[in-house]
Amino acid sequence: MNKPIQILDTIVQPGKKAIINLEVAKLHTASPVNIPIIVDHAKKKGPTLLLLGGVHGDEINGIEIVRKIVRSGLNKPQRGTVICIPVLNIFGFLNFMRELPDGRDLNRSFPGTASGSLASQFAYAFMKHIAPLADIIIDIHTGAAQRNNYPQIRCDFSNPQAVELAEVFDAPFIKDSKLIPKSLREAVSKKGKNIILFEGGKANRIDPFIVEEGIRGVKRVMHHLDMIDDGDEIQRGSTLLRQSKWLRAPMSGMFDLRILNGSYVEKGTIIGVISDPFGKTERSFKSPMNGYIFAVNEAPIVNKGDAIFHIGY
């Protein structure tokens with residue numbers, strides 16, 4: 001039999017569900033800003049899985065993935081506990097922005113302080129009240145601005161437990177990603193938590209393909225952790241990307257994408273064309289190497305030096 005779990009001032013009994021509001025700040029209208037935390041605590045013992053969306057307020061795909069998991073009841077485990085936070089950065093979500101109102105990136109503000117910037121206080125509240133409860137965290141993101149990320153898991157290849165979870169998730173790509181200073185991944189990893197980061201799609205957009213990839217991956221992880229009995233089988237096996245680099249625009253102009261995101265390309269393949277708007281200049285952009293294109297810039301206009309293709313190998 002499972003034991004009760006306490007989050008803030010709420011005790012959740014085995015076999016019960018609770019929605020708990022974590023208040024971290026107020027709007028300038030004095031209205032409180034609460035982070036809803038949805039907890040499903042099974043009667044039987046098992047691990048605690050945290051599903052986290054909206055660390056960046058404009059990354060709607062992640063919010064939709066967690067929302068659909070809650071709506072479908074997938075967050076109700078047969079063993080263990082599932083904690084869902086569809087939107088961590090409520091301020092950013094309200095304003096369709098990546099950052100908080102102070103202009104800071106929440107994912108560069110961990111572990112935070114109780115009296116620091118707004119972003120720092122958000123990070124501190126998460127690390128104090130939520131992170132200690134989780135054994136495993138799946139942090140869900142999208143590309144920034146016009147960058148569209150093909151479904152991928154990012155984890156540190158030096159951590160075998162994280163790699164195992166990434167392979168179970170079974171996204172098309174798994175990218176080796178070292179821990180970034182002051183990121184959520186770094187902060188919780190230092191606390192001994194296993195965390196993988198799912199990336200898919202782009203900001204301020206709901207992409208059904210990305211959402212379904214995320215949901216299926218979460219379901220596979222829950223089945224692997226013996227939290228649920230039903231789970232999709234691993235179908236394709238992920239492609240491991242140990243190295244990657246951004247390919248940058250050689251000139252400014254109108255950008256015509258000539259390759260499908262997620263494709264394998266060989267050196268010399270034309271992957272895009274950049275032209276001036278007056279019909280005088282047109283320049284083909286060729287891949288300088290063999291590799292997989294796993295993120296593309298879908299902006300119609302680019303400036304010289306803009307990152308337009310992320311290639312891995």
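This structure is a prediction, so every number in the text was calculated from the model and none was measured.

Cut-offs applied
- Residues numbered from 1 in each chain as written.
- Predicted model: local features only at pLDDT ≥ 70, side-chain atom pairs only at ≥ 80, totals over all residues.
- Heavy atoms only, no water.
- Helix = DSSP H or I, 4+ residues; strand = E, 2+ residues; numbered from the N terminus.
- Buried < 20%, exposed > 50% of the residue type's maximum accessible area, 1.4 Å probe, protein only.
- Axes fitted to C-alpha atoms, helices over the stretch in contact; angles between N-to-C directions.
- Parallel < 35°, antiparallel > 145°, perpendicular 65-115°, else oblique.
- Left-handed = near helix turned anticlockwise from the far one by under 90°.
- Contact = heavy atoms within 4.5 Å.
- Nonpolar A, V, L, I, M, F, W, Y, C, P; charged D, E, K, R; others polar.
- Core = buried A, V, L, I, M, F, W, Y, C linked by side-chain atoms within 4.5 Å.

All right, on to the environment of Gly 80 then. Summarising the element assignment, Gly 80 is placed in strand 6 (residues 79–85). For Gly 80, a relative accessible area of 0% puts it in the buried group. Here the alpha-carbon distance between Gly 80 and Arg 283, two residues 203 residues apart in the chain, equals 56 Å.

On to the packing of helix 1 (residues 60–72) against helix 6 (residues 208–224). Contact pair helix 1 / helix 6: the axes reach a minimum separation of 9 Å and the direction vectors enclose 50°. On the basis of their axis angle, the class for helix 1 and helix 6 is oblique. Classified by chirality, the crossing of helix 6 by helix 1 is right-handed. Every residue of helix 6 that contacts helix 1 at Asn 61, Glu 64, Ile 65, Lys 68 and Ile 69 is listed here: Ile 210, Val 211, Glu 212, Gly 214, Ile 215 and Val 218. Split into classes, the residues belonging to the contact of helix 1 with helix 6 amount to 6 nonpolar, 2 polar and 3 charged.

Core analysis: the biggest nonpolar cluster contains 40 residues, and Ile 85 and Phe 126 have the highest contact counts within it. Broken down by element, this core gets its largest block of residues, 6 residues, from helix 3 (residues 118–129). Not counting the four nearest positions on each side in its chain, Ile 85 is found in contact with Ile 35, Pro 36, Ile 37, Leu 50, Leu 51, Leu 52, Gly 53, Val 66, Phe 126 and Ile 130.

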